[in-house]
Amino acid sequence: MKTTPFTDLHIALGAKMHEFAGFNMPIEYSGIIEEHMTVVNGVGVFDVSHMGEFWVKGPKALDFIQSVTSNDASVLPVGKAQYTCFPNERGGIVDDLLVYHYEPEKYLLVVNAGNIDKDWEWCVNHNTVGAELENSSDRTAQLAIQGPKALEVLQRLTPVDLSSIPYYSFKTGEFAGCPNVIISNTGYTGAGGFELYFYPSDAMTIWNAIFEAGKPEGIKPIGLGARDTLRLEMGFCLYGNDLDDTTSPIEAGLGWITKFVDGKNFTNRAELERQKKEGVTRKLCAFELQEKGIPRHGYEIADAEGNVIGVVTSGTMSPVLKKGIGMGYVKPEFAKAGSEIFIKVRNKSLKAQVVKAPFRK
């Protein structure tokens, strides 16, 4: 298994470790619910150094990004980030990712850990315009410091004014005495906070500084288990669950990151444009259980007559709402908020209601 600069530290701290996307990662420390609530109410730190980072540089950088991603990167000023995806030729999604406009003619793509090799191959094979590509995944570490107290803690460690970094923006500066740290506000928990991108050689300096600075706020390390429950309460998609090579961005409710603007001829544009115009045969919806139970990935979704109308892609017991919540693909007529659906849990059918995400307001 691959490791991050923090793997030995997680083990020393007693984290429950497990393979995730080929990496030996901390799943939980003190327990998922406790860690979840630490982030919602205070501040917690996630090691997300397993994520992939690709640099796209040169005069053809924007042309390349416009040809392989669904969103319109031409409107992205320096210092801003954008959520987008790589569509494939079959109407599905190679991966969802973030695009950072780092400098003129220089962009950073942040991709999912489990897709680094696949995404890199995709980018290299689809680089028909001659952009300069660099895979710096092994030379980049990342921590996500999340929660309502994150800004207060991190501001003690940097001269960069963190309150001047709005959502989906970033700045580069000194952090804990380390130069050239990217300080980003994109978030995957809905609790506020920042992501830090830095050289692995600075990893322990930054980790130790953050935990020292956060002592008054009760800062804690958080595992990937709570990261999953936090993102699900916000209705954020997870690649491999809610998105994959067979799910289109239109089906997944990601029409807002699929821009059919003039001059942007991205992969499989015509098919996605047709889907947006003519409709799709399934849609991703969010739902809350009306009865006691926990929906899980792969469970069938049925109508009142017991006919199967879809499948659960993500599900959990919400630590904040204390009820079963989930997402899944259903026939379009059942995807509207207020619709009654049933989740097949073992030999029971549990009543659920389609709701508008996020679950945690």
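Each chain carries its own residue numbering, running from 1 in the direction its sequence is written. A pLDDT threshold of at least 70 governs which residues receive local features in this predicted model, and a stricter bar of 80 or more applies before side-chain atom pairs are shown or counted, although totals over entire chains, interfaces and linings include all residues. The side-chain quantities take in all heavy atoms of the structure and omit both hydrogens and water.

Q: An account of the overall build of the protein is requested, with residue identities and associated values reported.
A: Elements are defined by DSSP. Helices are runs of H or I of four residues or more, strands are runs of E of two residues or more, and each kind is numbered from the N terminus. A tally of helices and strands in the protein yields eight helices and 19 strands. Here the C-alpha atoms of the protein give a radius of gyration of 21 Å, agreeing with the 21 Å that 2.2 N^0.38 yields for 361 residues. Principal-axis analysis of the C-alpha atoms places the extent of the protein at approximately 65 × 50 × 40 Å. Residues classed as buried in the protein amount to 57% of the 361 residues present. A radius of gyration in this sense is built from C-alpha atoms; the matching globule rule multiplies 2.2 Å by the number of residues raised to 0.38. Per-residue accessibility, obtained with a 1.4 Å probe over protein chains only, is compared with the maximum for each type, and a residue is labelled buried under 20%, exposed over 50%, and partly exposed between these values.

Q: An account of the sheet that holds strand β13 (residues 220–222) is requested, with residue identities and associated values reported.
A: DSSP calls a pair of strands paired once it identifies at least 2 bridges connecting them. Taking strand neighbours across the sheet as the criterion, the six strands line up as β10-β11-β12-β9-β3-β13 in an open arrangement whose pairing is mixed. Strand pairing shows two members of the sheet lacking a second neighbour, β10 (169–175) and β13, which therefore form its edges. Sheet twist, expressed as the mean angle between neighbouring strand axes with direction ignored, is 30 degrees. Any two residues whose heavy atoms approach within 4.5 Å are treated as being in contact. The axes used here are C-alpha line fits, helices contributing only the stretch in contact, and every angle between their N-to-C directions lies in the interval 0 to 180 degrees. In the packing of helix α2 (residues 32–41) onto the sheet, the strands contacted are β3 (44–47), β9 (141–146) and β13, and the crossing angle to β13 comes to about 115 degrees.

Q: Just give me the short version of the nonpolar core, but keep the residues and values in it.
A: As used here, the term nonpolar core means buried Ala, Val, Leu, Ile, Met, Phe, Trp, Tyr and Cys residues forming a set that is joined through side-chain atoms within 4.5 Å. In terms of nonpolar packing, the biggest core is built from 37 residues, with Phe 46, Tyr 83, Tyr 100, Val 110, Ile 182 and Leu 243 touching the most fellow members. At four residues, the largest contribution of residues to this core is made by strand β6 (residues 93–103). Sequence-distant contacts of Leu 243, defined by excluding residues within four places in its chain, comprise Tyr 83, Ile 93, Asp 96, Cys 237, Leu 238, Ala 252, Leu 254 and Tyr 329. Within the second largest apolar cluster, 29 residues are counted, among which are Val 153, Leu 154, Val 160 and Leu 196.

Q: Outline unusual backbone geometry, listing residues and values.
A: Cis peptide bonds are those with omega within 30 degrees of zero, and the linkage from Ala 357 to Pro 358 qualifies with 5 degrees. Topologically, Pro 358 is positioned in the segment after β19 (348–355). Backbone geometry at Asn 268 places phi at a positive 60 degrees, although glycine is not the residue there. Mapping Asn 268 onto the fold places it in the loop between α7 (224–233) and α8 (269–278). Even without being glycine, Arg 346 reaches a positive phi, approximately 55 degrees. Given a relative accessible area of 76%, Arg 346 falls into the exposed group.

Q: Please give an account of the packing of aromatic side chains that cites residues and values.
A: Working definition: a ring pair exists when centres of Phe, Tyr or Trp rings (six-membered ring for Trp) sit within 6.5 Å. Plane angles under 30 degrees give stacked, over 60 give edge-to-face, the rest tilted. One pass over the structure, following the stated rule, counts twelve aromatic pairs. Taken together, a centroid distance of 5.1 Å and an interplanar angle of 65 degrees make the contact between Phe 54 and Trp 120 edge-to-face. Here the residue Phe 54 occupies a position in strand β4 (residues 52–57), and Trp 120 occupies one in helix α4 (residues 116–125), the gap between them amounting to 66 residues. Relative accessible area serves as the criterion here: at 23%, Trp 120 is assigned to the partly exposed category. When the ring of Tyr 100 is compared with that of Phe 170, the centres are 5.2 Å apart and the planes differ by 75 degrees; the resulting orientation is edge-to-face. Taken together, the residues Tyr 100 in strand β6 and Phe 170 in strand β10 connect sequence positions 70 residues apart.

Q: With reference to specific residues and values, describe the pairing of strand β12 (residues 193–198).
A: A regular strand places its side chains on the two faces of the sheet in alternate fashion. By the criterion of burial, β12 is predominantly enclosed, with six of the six residues buried. Residues Gly 193, Glu 195 and Tyr 197 line one face of β12 and the alternating positions Phe 194, Leu 196 and Phe 198 line the opposite face, and both faces are buried. Here β9 runs beside β12; their pairing, made up of six bridges, is antiparallel. Each bridged residue has a counterpart across the sheet, and for Ala 144 the counterpart in β12 is Glu 195. Two elements, strand β11 (residues 178–185) and β12, share three bridges in a ladder whose sense is antiparallel. Its bridge partner lying in β12, Ile 183 is registered against Leu 196.

Q: Explain the sheet that holds strand β7 (residues 106–111) to me, using residue names and the numbers behind them.
A: Ordered by their spatial adjacency, five strands build an open sheet running β5-β6-β7-β4-β8, and the pairing between neighbours is antiparallel. The open sheet terminates on both sides in strands that have one partner only, identified here as β5 (81–87) and β8 (132–135). Here the average twist between neighbouring strands, direction ignored, is 30 degrees. Two strands pair when backbone bridges link them, and β4 and β7 are joined in this way by six bridges, in the antiparallel orientation. Bridging from a neighbouring strand, Glu 53 pairs with Val 110 of β7.

Q: How would you sum up the pairing of β10? Please name residues and give values.
A: Inspection of the sheet shows β10 paired to β11 by six bridges, in the antiparallel sense. When the sheet's bridge partners are listed, Phe 175 is paired in β11 with Cys 178. Turn length for the β10-β11 hairpin, with the two strands adjacent in sequence and antiparallel, is two residues, and the turn residue Ala 176 shows positive phi of about 55 degrees.

Q: Residue-level account of α8, with values.
A: Among the residues making up α8, those that are buried are Arg 269, Leu 272 and Gln 275. Viewed along the axis of α8, the buried residues span an arc of 125 degrees, placing them on a single side of the element. Within α8, the exposed residues directed more than 90 degrees away from the buried face are Ala 270, Lys 277 and Glu 278. Check the buried side of α8 and you find it contacts β5. Gly 279 sits one or two positions beyond α8 and adopts a positive phi of about 100 degrees. An arc is given here, and it is the one of the directions from the helix axis to the C-beta atoms.

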